[in-house]
Amino acid sequence: MNNKTNIQQLAKKLAVKKHMSQKSAETFLREFFDAIIQNVTAQKSVKVTGLGSFKLIEVQERESVDVNTGERIVIPGHTKLTFTPDGALKDMVNTPFAD
């Protein structure tokens, strides 16, 4: 399950569905993603109705073990971006696996 989709592929599908040029669709998608990035950076969370919520969370530093050497190491704290799908999107994706 290693199917990756890039902006050009999304733009092509959007252009066909909405009867617009692929360039306009790609511009729209880039602006949409930029708006999400700017808002989540400034406000720590963004909710897009029908899609889901993007949120920045702080991860504390923690100890672990280097699997190559067995040596104890410290993984530094960092900021992580999380995504929680909206209920409708979650249901649509999970419907084929409901049995």
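You'll find the structure just up there.
This section reports on the structure supplied with the text. (Residues numbered from 1 in each chain as written. Predicted model: local features only at pLDDT ≥ 70, side-chain atom pairs only at ≥ 80, totals over all residues. Heavy atoms only, no water.)

With that settled, the discussion passes to the sheet that holds strand E2 (residues 52-59). Ordered by their spatial adjacency, three strands build an open sheet running E1-E2-E5, and the pairing between neighbours is antiparallel. At either margin of the open sheet sits one strand with a lone partner, and together these are strand E1 (45-48) and strand E5 (78-85). Each neighbouring strand pair of the sheet contributes to a mean axis angle of 20°, computed without reference to strand direction. Running over the sheet, helix H2 (residues 22-43) touches E1, E2 and E5 and is turned about 140° from E1. (Pairing = 2+ DSSP bridges. Helix = DSSP H or I, 4+ residues; strand = E, 2+ residues; numbered from the N terminus. Axes fitted to C-alpha atoms, helices over the stretch in contact; angles between N-to-C directions. Contact = heavy atoms within 4.5 Å.)

Right, let's talk about a nonpolar patch on the surface for a bit. A surface patch of nonpolar side chains, amounting to about 240 Å² of accessible area, comprises Leu10, Phe33 and Ile37. By secondary structure assignment, the location of Ile37 is in helix H2. (Patch = residues over 30% accessible without salt bridge, like charges linked within 9 Å, V, L, I, M, F, W, Y side chains within 5 Å. Areas by Shrake-Rupley, 256 points an atom, 1.4 Å probe, with all protein chains shown as cover. Salt bridge = Lys/Arg side-chain N within 4 Å of Asp/Glu carboxyl O.)

The subject of this paragraph is the side chain of Asp86. Here Asp86 is to be found in the loop between E5 and helix H3 (87-94). Among the polar contacts made by the side chain of Asp86, one reaches the side chain of Lys47 at a distance of 3.4 Å. (Polar contact = N/O pair within 3.5 Å; in protein donor to acceptor, adjacent residues only side chain to side chain.)

This part takes up the pairing of E2. Sheet topology places E1 next to E2; four bridges connect them, and they run antiparallel. Bridge pairing in E2 links Val48 to Gly52. Counted along the chain from E1 to the antiparallel partner E2, the turn is three residues long, and its residue Gly50 has a positive phi close to 90°. Looking at chain direction, E2 and E5 are connected through eight bridges and run antiparallel. Within E5, the position partnered with Val59 by the bridge is His78.

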